[in-house]
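Each chain, letter by letter, is given below.
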Amino acid sequence: MQAYDLILKKRRGEALNAEEINFLINGYTQGLIADYQMAAFCMAVYFQGMTPRETTDLALAMANSGMKYDLSAISGVVIDKHSTGGVGDTTTLIVAPLVASCGVPVAKMSGRSLGHTGGTIDKLESIPGFRCELAQDEFVNQVNRIKVGIISQSAVIAPADKLLYALRDVTATVDSFPLIASSIMSKKIAAGADGFVLDVKTGSGAFMKEREQAVNLAKAMVAIGKEAGKPTVALVTDMEQPLGYMIGNALEVKEAIQTLAGDGAWDLTELSLRIGAEMLVLAGHSATAEEAYEVLLEKLKTKAGLIKMQELISNQGGDPRVIDDPSLLPQAAYQTVIRSTHCGYIKSIDALKIGRLVMQLGAGRQTKDSVIDLSVGIELKQKVGSYVEQNQPLAVIHSSRPLSTEYEAALDCFAFSQAPPRPQPLIWQKITDADV
């Protein structure tokens, strides 16, 4: 078997079998196949696409290229959730303890921020003392004891994906649905859960700007889950404006606590409940999403999820007092109120601009080695559809230094109209096995 022949086969639009895909991935991971040959293969995939079976075989080959977590010792059906990345997307910090409070195990391996989207691990590390790195047996034991654990993604998980992504990034082959889907799902499969709920964002603050793109990606990932024997459901959700009111690491932890206490933003609360409901159904806890939603709503009312979050923090070395006193989280030195220069309805809040501004303040990463400031961010005071008077607060910028151009940049994130804007759905579409 030769890499040249497989590149030519894919260039002609023919499907590769599992043995051929494994040959390419294993050879590339071991340094036996050159960058230029794998780049040619990626370009062939970009133009010719892949069948669902090929895409699944690629995901499995990358998942098998390194360590795979064995969660079989965890009692119950382990369900993981994944978001394709958004602005103010704090759902993991709400959903994980809320679902765990129902007795369903949540063993979550999460990433860090990169670019304008936030990372769950950075948010958790804003809690004093919180440990995001646990040995596999320690992780499994914790999930068995308290039904929830959240750890950082190991460097030895799907190393082939890391190599391939770096190559795609410099060869204009990032935006290929089979390559994106297999990349995401390879890490999910290697992390060891029994099933997945995917939150696929669409809109200005998402990687998939167009809804059709997001739907296609969701279908590709659900198909991989189906072929791999891992029950998978995807929700295509709105990211035209930030989710909730807080954007920034410590700020988002604070908002997660508020939400679990029953005082969260409507959109963040609703999406968390909807994602959690799908997780309960996949785990066999509830018969329908509607039934599961009511179960979680009751858990929210009794603050069971908040108690579970405190338990999670305590078990991973964090200071559990932050639940009752969020001021123990990192605090920015400056808070600057952004006031409206218009009178009217807020027509839009550009999530991408907000995300980039928060990154500029120091909350995000330009590269994986960037040092971030856990205290900074933006606190929205209004959402799309709100009516504001001139000089009314729109947002508060939390910064580590006096502002320069950031004030005007924040104002530029808001657009106004004299008529109320047409409401947009929070969830555009649900995609299941039946759709692929």
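In this text, all values refer to a predicted model and were calculated from it rather than measured experimentally.

Provide a residue-level description of the layout of surface pockets, including the pertinent values.
The space that makes up the second largest pocket amounts to roughly 500 Å³. Lining of the second largest pocket is provided by 23 residues; of these, Asp 238, Gln 241, Val 384, Pro 423 and Gln 424 occupy positions nearest its centre. Elements represented by at least two residues in the lining of the second largest pocket include exactly helix H12 (266-282) and strand E8 (344-349). The greatest single-element share of the lining of the second largest pocket, amounting to 3 residues, is contributed by E8. Taken together, the residues of the lining of the second largest pocket break down into 11 nonpolar, 5 polar and 7 charged.

Can you break down the packing of helix H7 (residues 136-146) against helix H14 (residues 304-315) residue by residue, with the values?
At a minimum axis distance of 12 Å, the contact between H7 and H14 shows a crossing angle of 150°. In terms of their interaxial angle, H7 and H14 are classed as roughly antiparallel. Crossing of H7 over H14 shows right-handed handedness. The residues of H14 that touch H7, namely those facing Gln 142, Arg 145 and Ile 146, are Lys 308, Glu 311, Leu 312 and Asn 315. Split by residue class, the contact of H7 with H14 holds 2 nonpolar, 2 polar and 3 charged.

Describe the packing of aromatic side chains, listing the residues and the values that go with them.
Tallied over the full model, the rule gives 3 aromatic pairs. Measuring from ring centre to ring centre gives 5.0 Å for Tyr 345 and Tyr 387, while their planes differ by 75°; the resulting arrangement is edge-to-face. With Tyr 345 in strand E8 and Tyr 387 in strand E10 (residues 387-388), this residue pair connects regions lying 42 residues apart in the sequence. When its relative accessible area of 23% is taken as the criterion, Tyr 345 is described as partly exposed. Positioned above the aromatic ring of Trp 428 is the side chain of Arg 211, whose terminal nitrogen or guanidinium carbon lies 3.6 Å from the ring centre. Directly above the aromatic system of Tyr 245 lies the positively charged group of Lys 383, at a separation of 5.7 Å from the ring centroid.

A description of unusual backbone geometry should follow, citing residues and the corresponding values.
Residues apart from glycine generally show negative phi values, whereas peptide bonds are mostly found in trans. Unusually for a residue other than glycine, Lys 147 sits at a positive phi of about 75°. Take Lys 147: it is sitting in the loop between H7 and strand E3 (148-152). Residue Ala 172 is not a glycine yet carries a positive backbone phi of 60°. Mapped onto the fold, Ala 172 is located in the loop between helix H8 (159-169) and helix H9 (177-190).

An account of helix H3 (residues 35-48) is needed here, citing residue identities and associated values.
Along its 14 residues, H3 runs 20 Å from first to last C-alpha, staying within 8% of the 20 Å computed at 1.5 Å per residue. Where H3 is concerned, the buried positions are Met 38, Ala 39, Phe 41, Cys 42, Ala 44 and Val 45.

I'd like a description of H7, backed by residues and values.
Phe 139, Val 140, Gln 142, Val 143 and Ile 146 are the residues of H7 that are buried. Across the axial projection of H7, the buried residues extend over an arc of 160°, all falling on one side. Exposed residues on H7 whose side chains face more than 90 degrees from its buried face are Asp 137 and Arg 145. Turning to H7, the residues buried within the fold contact helix H5 (91-100), strand E2 (106-110), E3 and H14. Note on H7: the residue one or two positions beyond its end, Lys 147, has a positive phi of about 75°.

Kindly report on the nonpolar core, identifying the contributing residues and their values.
Residues Ile 127, Met 279, Met 309, Ile 354, Ile 378 and Phe 414 are the most contacted members of the largest nonpolar core, which totals 73 residues. Grouped together as the second largest cluster of nonpolar side chains are 38 residues, Leu 134, Ile 151, Ile 157 and Ile 224 included.

A description of the environment of Ala 234 should follow, citing residues and the corresponding values.
Considering the arrangement of structural elements, one finds Ala 234 in strand E5 (residues 232-238). According to the relative accessible area criterion, Ala 234 is buried, its value standing at 0%. Along the primary structure Ala 234 and Lys 123 are separated by 111 residues, whereas in three dimensions their C-alpha atoms are 24 Å apart. Discounting chain neighbours no more than four positions away, the residues touching Ala 234 are Leu 198, Val 200, Ala 218, Val 222, Gln 429, Lys 430 and Ile 431.

Account for the sheet that holds E8, naming residues and giving values.
Taken in spatial order, the 3 strands line up as E10-E8-E12 in an open sheet, and their pairing is antiparallel. Looking at the sheet topology across the chains shown, the edges are occupied by E10 and strand E12 (414-417). In this structure, E8 lies alongside E12, joined through 4 bridges in antiparallel fashion. Bridging across to E12, Ile 346 finds its partner in Phe 416.

Just give me the short version of the sheet that holds strand E11 (residues 393-399), but keep the residues and values in it.
Sheet architecture is open: 4 strands sit in the order E6-E9-E11-E7, paired in antiparallel fashion. Every interior strand has two partners, whereas the edge strands, strand E6 (246-247) and strand E7 (334-339), have only one. Across 2 bridges, E6 lies against strand E9 (residues 377-380) in antiparallel orientation. Its bridge partner lying in E9, Met 246 is registered against Glu 379. Here helix H15 (residues 351-361) sits on the sheet and contacts E6, E9 and E11; the angle it forms with E9, its principal contact strand, is near 140°.

Each value, and the rule that gives it
- Residues numbered from 1 in each chain as written.
- Predicted model: local features only at pLDDT ≥ 70, side-chain atom pairs only at ≥ 80, totals over all residues.
- Heavy atoms only, no water.
- 1 Å grid on protein atoms, 1.4 Å probe; cavity = no way out; pocket = protein on both sides within 12 Å on 5 of 7 lines; lining within 4 Å.
- Points joined across faces, edges and corners; volume = space filled by probe spheres on them.
- Helix = DSSP H or I, 4+ residues; strand = E, 2+ residues; numbered from the N terminus.
- Nonpolar A, V, L, I, M, F, W, Y, C, P; charged D, E, K, R; others polar.
- Axes fitted to C-alpha atoms, helices over the stretch in contact; angles between N-to-C directions.
- Parallel < 35°, antiparallel > 145°, perpendicular 65-115°, else oblique.
- Left-handed = near helix turned anticlockwise from the far one by under 90°.
- Contact = heavy atoms within 4.5 Å.
- Phe/Tyr/Trp six-rings, centres within 6.5 Å; stacked < 30°, edge-to-face > 60°.
- Buried < 20%, exposed > 50% of the residue type's maximum accessible area, 1.4 Å probe, protein only.
- Lys NZ or Arg CZ within 6 Å of the ring centre and 35° of its normal.
- Expected span 1.5 Å × (residues − 1).
- Arc of directions from axis to C-beta.
- Core = buried A, V, L, I, M, F, W, Y, C linked by side-chain atoms within 4.5 Å.
- Pairing = 2+ DSSP bridges.

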